[in-house]
Amino acid sequence: MLKNSVLKLVNNQLRTCVIFNFHDIVVDGKPVRPDQLSVATFRQQLSWIQQHFTIVRIDTLVELFQANDINKPMAAVTFDDGYRSHFDLIKPILDEFGIKAAFYVSSAHLNNDYYWHDLVETFCQHSSAEQQNSLEQVLNTLKRQQRSSLVESIKYLPLSDRAIVLASIENMAKPLMKERLLMNASEVLALAATGHLIGGHTLNHPILALETDQTCFHEINDDLQALEALLQQKVTTFAYPNGIPEQDFSLKHQQILADYGIKYAVNTHKSVLTKALNTLSIPRINLFGANESLHCNYLLRMIFKSVINSAN
Ligand SMILES: [Zn+2]
């Protein structure tokens, strides 16, 4: 395909470096939410990435990039939120492709079955209009900002308010959560034992910018300490929950990580790596769907944007 060839030419010329980000994946045939991919689409995306980039672990990629030692297009792949699919479905595919990745885990969830947003999705699917209206009222009393979906509204509540809302839907939605959706500690250990990198993602996945300095310190430090106690090794990488720079975290959160000794922290700002790289706020890209032509357009747009920005 012409677009693939154009991307190959541009990539080779500019020796592009990209970090790709994924969340949950589900077995083929199961309905997918916007942040999920089916196994077939994930395989398609991974093989497309492998066609265009040499894939290494994020710590290796950033070290080479900082040392100005990149002589071909390179990428790293990362997975957020510690879903069970990371162990059950993704690990075998990574083994087959010969890829080592980074997995960002919220340690307070290691013994939980699901995230709060999985509970809210279940509530939305199964609740009556009356039940949804009463939840809207709870949200309104908490003076939520106007956002498009229930998950988005609750995401931007501080942890204390989030707990109030979740308590009001637990009775209805909790009995419907039948299967464990998140990895347990032994699955995380098994990923680490096979050469994958495990990184921090806070204890409870708050939007750090909404919390007090003290809560942020506790959410970051206690999470990293819990992971280090589990893994019996130093944790060197971290992903900011939701990860939009300035909106979801700021310089003071980067400082907490620097003080702890974190070397690589990733965000969700969509960009390829650029010369102005801040290793405590590293951008990542995610691909959507299975359309190679769209992937090419998207990557080319990202590359040209970075070229224009670095020329200014
Ligand atoms: Zn997350």
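What counts, and at which threshold
Residues numbered from 1 in each chain as written. Predicted model: local features only at pLDDT ≥ 70, side-chain atom pairs only at ≥ 80, totals over all residues. Domains from an automatic or database assignment. Contact = placed C-beta atoms within 7 Å. Nonpolar A, V, L, I, M, F, W, Y, C, P; charged D, E, K, R; others polar. Helix = DSSP H or I, 4+ residues; strand = E, 2+ residues; numbered from the N terminus. Buried ≥ 20, exposed ≤ 12 C-beta atoms within 10 Å, placed from the backbone. Core = buried A, V, L, I, M, F, W, Y, C linked by C-beta atoms within 7 Å.

## Description of the domain arrangement of the protein chain
Logical step 1: Along its sequence, the protein chain is organised into domain 1 (2-112 + 184-311) and domain 2 (116-176).
Logical step 2: On a C-alpha basis, the centres of domain 1 and domain 2 stand 28 Å from each other.
Logical step 3: Of the residues lining the interface, 7 residues belong to domain 1; the matching set on domain 2 comes to 5 residues.
Logical step 4: In terms of residue class, the side of domain 1 that touches domain 2 is built from 3 nonpolar, 2 polar and 2 charged.

## Focus: unusual backbone geometry
Logical step 1: For Thr202, which is not glycine, the phi dihedral falls at a positive 75°.
Logical step 2: Tracing the backbone shows Thr202 in the loop between strand E7 (197-200) and helix H10 (213-231).
Logical step 3: Even without a glycine there, the phi angle at Gln232 is positive, about 60°.
Logical step 4: Note on placement: Gln232 falls in the loop between H10 and strand E8 (237-239).
Logical step 5: Given 8 C-beta atoms within a 10 Å radius, Gln232 is considered exposed.

## Description of the nonpolar core
Logical step 1: Residues Ile58, Ala75, Ala76, Phe103, Ile198 and Ala265 are the most contacted members of the largest nonpolar core, which totals 58 residues.
Logical step 2: Among the elements that make up this core, the one with the highest residue count is strand E5 (residues 74-80) (5 residues).
Logical step 3: Among residues more than four places away in sequence, those in contact with Ile198 are Phe103, Val105, Val188, Leu191, Ala192, Leu227, Leu231 and Val235.
Logical step 4: Grouped together as the second largest cluster of nonpolar side chains are 12 residues, Val120, Leu139, Val165 and Ala173 included.

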